[in-house]
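What follows is each chain in one-letter form.
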Amino acid sequence: MIVANYWAEARRQHGLGRQKITVQRWGWSDTSEAEAQAMAEVRADEALAQAQRDAATPRRERKTAYNGAQGLPIREEVLQRQGDAVITRNGYGAECLNTPNVLFADVDFEPCTSTQMRLAAAALLVVAVQLPALWLLGGMLAWVVGVGALLLLTLPLAALMQRGVDAALGGPHVRALAGLRAFIERHPAWAVRVYRTPAGLRLLATQGLVDPVGAEAQEFFAAVGADPVYVRMCLNQRCFRARLTGKPWRMGIHQHMRPRPGVWPVRPEQLRLREEWVRHYEERAAQYAACHWIESLGSGAMHLDVRPVVELHDRLSGALEPQRPLA
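Note that the structure is a prediction, hence the values are computed from the model and not measured. (Residues numbered from 1 in each chain as written. Predicted model: local features only at pLDDT ≥ 70, side-chain atom pairs only at ≥ 80, totals over all residues. Heavy atoms only, no water.)

Details of the sheet that holds strand β10 (residues 292-298)
Alright, step 1. If you walk across this open sheet you meet the four strands as β6-β8-β7-β10, and the pairing is antiparallel. On the outer flanks of this sheet lie β6 (104-108) and β10, each paired with one strand and no other. In this sheet, adjacent strand axes meet at a mean angle of 25° when their direction is disregarded.
Alright, step 2. Relative to strand β8 (residues 200-205), β6 runs antiparallel, the two sharing five bridges. For V107, the partnering residue across the bridge sits in β8 and is L201.
Alright, step 3. Across the sheet, helix α8 (residues 307-317) is in contact with β6, β7 (191-197) and β8; its angle to β7 comes to roughly 15°. (Pairing = 2+ DSSP bridges. Helix = DSSP H or I, 4+ residues; strand = E, 2+ residues; numbered from the N terminus. Axes fitted to C-alpha atoms, helices over the stretch in contact; angles between N-to-C directions. Contact = heavy atoms within 4.5 Å.)

This is how it looks when you write it as structure tokens:
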């Protein structure tokens, strides 16, 4: 995991007119802007040489936030460091905890319709629509009605059936925890803190340090049904991540962080705009929690290097303050 304090940009050109090649690259550093600029210059030189050999070489590295960064350092303002953990401000203003080896996982309760449920819904529509249509209408019209019903109704019906099954099993909370409990049965040394979030669950493993690109983390993600976007970003950035403060729109803040986009760094003349927005955001965020602790499952073990991260997370996220609404 790399979360840089300083960023710089360099460009290189070769040739003239339509034959001109222009490349741009970023550099970064924890030490100084000069060091970041030196890296940018070297990377731009390398990119230009590569572009002269291979026309498919990307010409630009866009100024993208965490979710768009394909393996580049997390491009966010660094607010605080504690050991290996880094707190940053993301592109829409929330504070986020980034850690290279303390496992967090997001499990969303968004409807997830299984392939089996879609097949069951299609079969039900064939029986309920296609066969009666063939009997009553016959010929091509029956096939048009049947195919139309399959195209229009399969996904909504499958989603409805999935919700019914989930409700019968105790709801998405119970379904999500079933995967976690099954994983812990196979790995009894594991200890996991479970938090409720506005969209689902947050899981925090405390028994030891975990490699975000290792097989152990991937097995855990698969077992608990972790959000696929979150899993991909963990792999790209080689870190785990947890949002510590509320999403602005869940707290009644509908103006985007200024200036737009909210990717760091911003120009000096625009810092005042950003600071004003952040001041308003933090006043509102203090009234909300990003998650609420529910329970702890497994062995109960707490690795010495994990404990400070747990304490930092719980304090800044409001996890132990159930009176604060979730955002």
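Next comes the rest of the account.
Some details on the sheet that holds strand β3 (residues 77-82)
Alright, step 1. Read from one edge of the open sheet, four strands run β3-β4-β5-β9, paired in antiparallel fashion. Every other strand in the sheet has two partners, leaving β3 and β9 (240-243) as the edge strands with one partner each. For this sheet, the mean angle separating the axes of adjacent strands, direction not counted, is 25°.
Alright, step 2. Here strand β5 (residues 95-99) pairs with β9 via four bridges, running antiparallel. Bridge pairing in β9 links T99 to F240.
Alright, step 3. Here helix α7 (residues 271-285) sits on the sheet in contact with β3, β4 (85-89) and β5, set at roughly 110° to β4.

Describing the pattern of salt bridges
Alright, step 1. Evaluation of the coordinates by the stated rule reveals 15 salt bridges.
Alright, step 2. Close ionic contact of E9 with R11 constitutes a salt bridge, the shortest N to O distance being 3.2 Å.
Alright, step 3. Take R11: its relative accessible area is 48%, and that puts it in the partly exposed class.
Alright, step 4. Across the salt bridge formed by E41 and R12, the nearest N and O atoms sit 2.4 Å from each other. Separated by 29 residues along the polypeptide, E41 in helix α1 (residues 33-53) and R12 in strand β1 (residues 6-14) bring together distant segments of the chain.
Alright, step 5. A relative accessible area of 26% places E41 in the partly exposed class.
Alright, step 6. One salt-bridge network, held together by shared partners, links R12, E41 and D45. (Salt bridge = Lys/Arg side-chain N within 4 Å of Asp/Glu carboxyl O. Buried < 20%, exposed > 50% of the residue type's maximum accessible area, 1.4 Å probe, protein only.)

A word on the packing of aromatic side chains
Alright, step 1. As enumerated under the stated definition, the model contains eight aromatic pairs in all.
Alright, step 2. With centroids separated by 5.6 Å and ring planes inclined at 45°, the aromatic side chains of W7 and W28 adopt a geometry described as tilted. Here the residue W7 occupies a position in strand β1, and W28 occupies one in strand β2 (residues 21-29), the gap between them amounting to 21 residues. Each member of the pair, W7 as well as W28, carries the same accessibility label: buried.
Alright, step 3. Arranged with centres 6.0 Å apart and planes meeting at 85°, the rings of F221 and Y230 form a pair that is edge-to-face. Exposure class is identical for F221 and Y230. Each is buried.
Alright, step 4. Taken together, the ring pairs connect F183, W190 and F220 into an aromatic cluster. (Phe/Tyr/Trp six-rings, centres within 6.5 Å; stacked < 30°, edge-to-face > 60°.)

So, the environment of A47
Alright, step 1. Of note, A47 is situated in helix α1.
Alright, step 2. On the basis of relative accessible area, A47 is assigned to the buried category, the value being 5%.
Alright, step 3. When the C-alpha atoms of A47 and R25 are compared, they prove to be 7.6 Å apart, with 22 residues separating the residues in sequence.
Alright, step 4. Setting aside anything within four residues of it in sequence, one finds A47 in contact with V23, R25 and T57.

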